[in-house]
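So you can see what is in the structure, the chains are spelled out below.
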Amino acid sequence: MDDHVVTPGAAKRRAVLAGLAMEANQSVSLPRLAGMVWADIPPASAVANLRSHAAGLRRELGDRVVARPNAYQLRLSPHELDVTEFHRLAEEGRALLATADPAGAVTTLTAALAHWRGASGDGLPRGTVLDSRWASLDEQRLQVFEELAEARLAAGEHGQLLPQLRVHLAAHPLRERAWGQLMLALYRCGDVPAALTVYRDARAILDEELGIEPGAELANLHRAMLERASELAYTPPAVPVTTASVPVAPPDDAPTPAARPIGSVGWTVPRELPADLVTFVGRARETADVVAALSGTAPATVVITGPFGSGKTAVAVRAAHTVANAFPDGQVFVDLGHQSSVTPGEVLARVLRALGVAPADVPENTDERAGWFRSLVAGRRLLLVVDGVTRAAQVRPLLPAGHGPALLVVGQTRLSSLDGVRRVTLRPLGAAEARDLLGTLAGPERLVADAAATAELVRLCTGSVLALRIAGMRLAARPGRSVQALIGQLADGREQLDLLDYEDLSVRASLAAVVAAVRAEDEVAGQLLMLLGAAPDAPLQPDRAARQLGVSAVRLRRALDDLVDAHLVHRDEPGRYRLPGLVREYAAELTAAPPFAAHPLTGWRVDPLAA
């Protein structure tokens, strides 16, 4: 309140505050307030207790808590209540979506969801008359998430949307609208078989849980995909293209305008870099290495690699913003979402559209797209950032052919077949940097007050920037929770990955994307990861593992090399391999998961939500 953090106190006092806030600026009678606080018949001392709680709140909130005859009132301005702001932004976002402004809708609906810090009514007494309010708010939150997904699909963010939709459906498997959105996102990413598999998964879950078939909307979407209906293809919104306010003069060594393949089409100056992180801690040396490589005079290609959740994208975005002024012809950002099915041609088409080429003018042939791209960017100071790359082939056509453009690639593996590139490998954060990141998010004084628990929390997060961010945000969202309390939950491996999941950040979803990419590229590597997850403490015996998987020792070692390159397995010494801590937890989950339909050729059982 008034920019000060107020801790209301015990659960019943918080319930009084919640009840008054839900009826802000209205008088709430004592009997009604009692029904909001007690699940059963209120005790004889209920009125006295309510007056005591109201007095306590008045000491914290001042004259905002007003006593009325046999009632109380909480006075608030509209912008002071998260629920009110959430509803206002949600309505604005819906209106923007309805008027074909998906980019504006994405921004506004994201802002609406940012007002949430967890389940509504979390930590308050249950069984009260407020339960229906909490259920209604939670339902509205799910609706706004799916409206945001609709807006992101309309804005062309189908690849980036996949992990969030999978996490959403894992928690809410009966949401038919979300199943349809996942199908459409996969379809637009070019993975039609996966989209059709999602429909079968949805149908099976709806039948098992509710005994019903998918509704007409989902069934019609499935039928349209089978027919490859043209209306399912992504069509950019019909909004004016942002171009440079004055013509950009071509560099001295660039082709003349008559030689440019786009003819009379003007050069669009894209500014697509995501927002830089405010809480960017550590990685100073690695970021400086990337900046130095991009700032040279020679054609520059930099590959940032490292374990999942190590902050690769954050380093790329920070470095790209640092050098942005050196690339006045624009910055293009493409996220492939660790989808190995994305083809080089699709990547080229995405980049050409960003540079102002009309979708209808993009050539069908991949070689023609590559040639057009090289002609268009020759001599231009353009920075390309491609995130979530799984195969070198996806970005090979983008390699700078001469001075001017630069390419920054973020991948789980080293992409070793790319020639003449500068590679920057991220390692897990050290203990000191990990503490600094936690302190920036949760407050350094909490960590100092519980140094032993903080050290254990750092150990459990295994240097993963993603895990540390989620842990720090969970602590920040619960100022009264000790570090030791969070440790007590994280130490239980059965809950560890559940707790390392906060809003749209998820260790499990990040690992699922990486593991799915490895499986898609090397089936034996995926089987070997499952084998290691089944017995993580047993030393790997390559010959025995090869026999178990029915492959040669040479083939097994190639799969091991793939897992090491993807940072999913560590090689401690020749012949000794181990799973990193969080990978180990995820692999154990996959191994213990209930069986799914077996692959008809390999017999390998795959969880469609994890793959």
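Okay, the pattern of salt bridges next. Scanning the entire structure with this criterion turns up 21 salt bridges. E139 is the salt-bridge partner of R175, the closest N and O atoms lying 3.1 Å from each other. One end of the pair, R175, is in the loop between α7 (158-171) and α8 (176-188); the other, E139, is in helix α6 (residues 131-154), with 36 residues separating them in the sequence. When its relative accessible area of 16% is taken as the criterion, R175 is described as buried. Overall, the relative accessible area of 31% leaves E139 in the partly exposed class.

Sheet architecture is open: three strands sit in the order β1-β3-β2, paired in antiparallel fashion. Taken across any chain shown, the strands that pair with only one partner, and hence form the sheet edges, are β1 (28-29) and β2 (65-68). Judged from the four bridges that link them, β2 and strand β3 (residues 71-74) form a sheet pairing that is antiparallel. Across the sheet, V65 pairs through a bridge with L74, a residue of β3. Packing of helix α3 (residues 46-61) onto the sheet brings it into contact with β2 and β3, and relative to β2 it is tilted by some 145 degrees.

Here the structure, examined in full by the defined rule, presents one aromatic pair. Centroid distance F86 to W116: 5.5 Å. Interplanar angle 85 degrees. Geometry classified as edge-to-face. Taken as a pair, F86 in helix α4 (residues 82-98) and W116 in the loop between α5 (102-113) and α6 lie far apart in primary sequence, 30 residues in all. By relative accessible area, which is 2% here, F86 ends up buried. A cation over a ring is seen here: R381 above F327, with NZ or CZ 4.2 Å from the ring centre.

Time to look at the environment of G550. Take G550: it is sitting in the loop between α23 (542-549) and α24 (553-565). On the basis of relative accessible area, G550 is assigned to the exposed category, the value being 63%. Sequence separation between G550 and V524 is 26 residues; the distance between their C-alpha atoms is 9.6 Å.

There is a patch of nonpolar side chains on the surface, built from L174, L210 and I212 and spanning about 240 Å² of accessible area. Positionally, L174 belongs in the loop between α7 and α8. With a relative accessible area of 38%, L174 lands in the partly exposed category.

Let us look at unusual backbone geometry. Even without being glycine, H338 reaches a positive phi, approximately 60 degrees. Non-glycine residue L415 carries a positive phi angle of around 50 degrees. By the secondary structure assignment, L415 is in the loop between β7 (406-411) and β8 (422-425).

Glancing now at the side chain of T305. With respect to the secondary-structure elements, T305 resides in strand β4 (residues 300-305). Within the local environment of T305, its side chain forms a polar contact with the backbone oxygen of G411, the two atoms lying 3.3 Å apart. At 3.1 Å, the side chain of T305 and the backbone oxygen of Q412 are in polar contact. Among all residues touching T305, those that are not within four sequence positions of it are K312, G411, Q412, T413, R414, V424, T425, L426 and H567.

Attention now goes to the side chain of E147. Within the element layout of this structure, E147 appears in helix α6. For E147, a relative accessible area of 13% translates into the label buried. At 2.8 Å, the side chain of E147 and the side chain of R94 are in polar contact. Apart from residues lying up to four places away in sequence, E147 is in contact with R94, L97, L109 and R177.

What counts and how
Residues numbered from 1 in each chain as written. Predicted model: local features only at pLDDT ≥ 70, side-chain atom pairs only at ≥ 80, totals over all residues. Heavy atoms only, no water. Salt bridge = Lys/Arg side-chain N within 4 Å of Asp/Glu carboxyl O. Helix = DSSP H or I, 4+ residues; strand = E, 2+ residues; numbered from the N terminus. Buried < 20%, exposed > 50% of the residue type's maximum accessible area, 1.4 Å probe, protein only. Pairing = 2+ DSSP bridges. Contact = heavy atoms within 4.5 Å. Axes fitted to C-alpha atoms, helices over the stretch in contact; angles between N-to-C directions. Phe/Tyr/Trp six-rings, centres within 6.5 Å; stacked < 30°, edge-to-face > 60°. Lys NZ or Arg CZ within 6 Å of the ring centre and 35° of its normal. Patch = residues over 30% accessible without salt bridge, like charges linked within 9 Å, V, L, I, M, F, W, Y side chains within 5 Å. Areas by Shrake-Rupley, 256 points an atom, 1.4 Å probe, with all protein chains shown as cover. Polar contact = N/O pair within 3.5 Å; in protein donor to acceptor, adjacent residues only side chain to side chain.

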